[in-house]
Protein chains: 2
Amino acid sequence: MLPEPIQKLIDELSKLPGIGPKTAARLVFYMLSKPKEDIERLGLAVLGLKENLRFCSRCYNIAEHELCEICSNEKRNQEVIAVVEEPLDVIALEKTRSFDGLYHVLGGAISPIDGIGPEQLRIQQLLDRLHSENTKEVIMATDPDFEGEATAAYIKDKMRESGLDVRVTRIARGLPVGSNIEYADEVTIKRSLEGRRDY
Amino acid sequence: MLPEPIQKLIDELSKLPGIGPKTAARLVFYMLSKPKEDIERLGLAVLGLKENLRFCSRCYNIAEHELCEICSNEKRNQEVIAVVEEPLDVIALEKTRSFDGLYHVLGGAISPIDGIGPEQLRIQQLLDRLHSENTKEVIMATDPDFEGEATAAYIKDKMRESGLDVRVTRIARGLPVGSNIEYADEVTIKRSLEGRRDY
């Protein structure tokens, strides 16, 4: 019933996460109401997205050149690697300005339900890095959920198996700053007790 | 901090309604994880959106040709015009399969707060149509909100002023099918009483 260019764009937008056909239709009709130049800018930005981007050959973060900005910055601490799931996690950690080491982006977490096993992630590449680089500490900064914990545990085992003598740490799991103990779930409270420190 | 192609697309997506910078970033990183062809399809669909579309020269619905599909369908009842705010309203009414007349798309509703006065809408074009076409009834199908009611009232006055002797009706405002009287607001209940019919 809809003109083909509209239906086509609705179909494509509906493939994005969190956007159903109704939201997609709303977006398309909003775009139709805007000047052609605005829509062209959006379309060209989509087309240009992957044009000049690649994965960093060292840490698999998103990069504009062979190495990403972090890997090519020699001032960063070359002896610490934070292992994260996604490029967005790099951004989240960078925003804190409290980490000046390197990263390794796995590209996800082990999740048998979604058909993601260790071989789909850049775990072998991490082990190769650890064998060739002068790393003193690996911070497991995967998500504190089921998949992230499983991935961190798997990588730690693999590191031990391949005889790597590198300190492995895990980001602290505890009560979020500004939260209430009263409303926290038991597992988080348990973790925050286990992770207590001298005060 | 982000590579420029990513930041550019985040900025463009953030201009869409209901999409903030966080959602935009999530969408962009999702796109980055997809094959290049998928992203190209989306980008080309955006670019193609306005390429082959225009407004129907008669009713201002979205059209692929000079006249939209509805206006060019001679089997439709040429004597009834439903006045709606947006092309999406045409689709909503068409989905009911209970209206076989023509439409007139105003392009919005009178809203002084948003700087939209009658001259920004296709009201004069509607009056011109009514003078030249053989219309017997105009159904005011603008939204039953403040702006839609004001627009409907304004158009009715203008029709009377310009001496048009055409029946003007307004879509029924009442309780939505499947709802509960208990939870309905007073204005809706009031309208559903005023609009009661023999049973």
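Criteria and thresholds
Residues numbered from 1 in each chain as written. Chains lettered and ligands numbered in written order. Predicted model: local features only at pLDDT ≥ 70, side-chain atom pairs only at ≥ 80, totals over all residues. Heavy atoms only, no water. Helix = DSSP H or I, 4+ residues; strand = E, 2+ residues; numbered from the N terminus. Contact = heavy atoms within 4.5 Å. Buried area = accessible area lost by both parts, 1.4 Å probe. Salt bridge = Lys/Arg side-chain N within 4 Å of Asp/Glu carboxyl O. Polar contact = N/O pair within 3.5 Å; in protein donor to acceptor, adjacent residues only side chain to side chain. Pairing = 2+ DSSP bridges. Axes fitted to C-alpha atoms, helices over the stretch in contact; angles between N-to-C directions. 1 Å grid on protein atoms, 1.4 Å probe; cavity = no way out; pocket = protein on both sides within 12 Å on 5 of 7 lines; lining within 4 Å. Points joined across faces, edges and corners; volume = space filled by probe spheres on them.

I'd like to hear about unusual backbone geometry, residue by residue, with values.
Positioned with a positive phi, Tyr 60 of chain A is a non-glycine residue whose angle comes to about 65°. You can see Tyr 60 of chain A is positioned in the loop between strand S1 (54-55) and strand S2 (62-63).

Lay out the interface of chain A and chain B in plain terms, naming residues and giving numbers.
Reports often express the size of an interface as the amount of accessible area lost when the parts come together. At the junction of the two partners, chain A supplies 48 residues and chain B supplies 48 residues. Carbon and sulfur atoms supply 79% of the area that chain A and chain B bury against each other, a total of about 4500 Å² over both sides. Looking only at chain A, the three residues that lose the most surface to chain B are Val 46, Leu 49 and Lys 50 of chain A, adding up to 14% of its buried area. Across the contact surface, chain A and chain B share four salt bridges. The salt bridge partner of Lys 36 of chain B is Glu 51 of chain A, with a shortest N-O separation of 3.4 Å. Run the count over chain A and chain B and you get eight residue pairs in polar contact (both at pLDDT 80 or more). Those elements giving two or more residues to the side of chain A that touches chain B turn out to be helix H1 (4-14), helix H2 (21-32), helix H3 (36-48) and helix H4 (87-95) of chain A. The biggest single contributor to the side of chain A that touches chain B is H3 of chain A, with twelve residues.

I'd love a proper account of the sheet that holds strand S3 (residues 80-84) of chain A, names of residues and values included.
Residues and elements named next belong to chain A. Pairing within the open sheet is parallel, and its four strands lie in the order S4-S3-S5-S6. Looking at which strands have only one partner, the edges of the open sheet turn out to be strand S4 (102-105) and strand S6 (167-170). With strand direction ignored, the average angle separating the axes of adjacent strands in the sheet is 25°. For strand S5 (residues 137-140) and S6, the ladder comprises four bridges, and the chain directions are parallel. Residue pairing in the sheet places Ile 139 in a bridge with Thr 169 of S6. The strands that H4 touches are S3 and S4; relative to S4, the one it contacts most, it runs at about 155°. Those strands touched by helix H5 (residues 123-132) are S3, S4 and S5, and its axis lies near 150° from that of S4.

Explain the layout of surface pockets to me, using residue names and the numbers behind them.
Its volume calculated, the largest pocket comes out at about 780 Å³. Lining the largest pocket are 29 residues; nearest its centre among them are Glu 86 and Gly 107 of chain A together with Phe 29, Tyr 30 and Ser 33 of chain B. Here the lining of the largest pocket gets four residues from one element, more than from any other, and that element is helix H2 (residues 21-32) of chain B. Size it by volume and the second largest pocket reaches roughly 490 Å³. Forming the boundary of the second largest pocket are 24 residues, of which Ser 33 of chain A together with Glu 85, Glu 86, Gly 107 and Gly 108 of chain B lie nearest the centre. At the level of secondary structure, the elements contributing two or more residues to the lining of the second largest pocket comprise H2 of chain A together with helix H4 (87-95) of chain B. A total of four residues in the lining of the second largest pocket trace back to one element, the largest contributor, which is H2 of chain A.

Function cannot be read off these values alone, since they describe shape.
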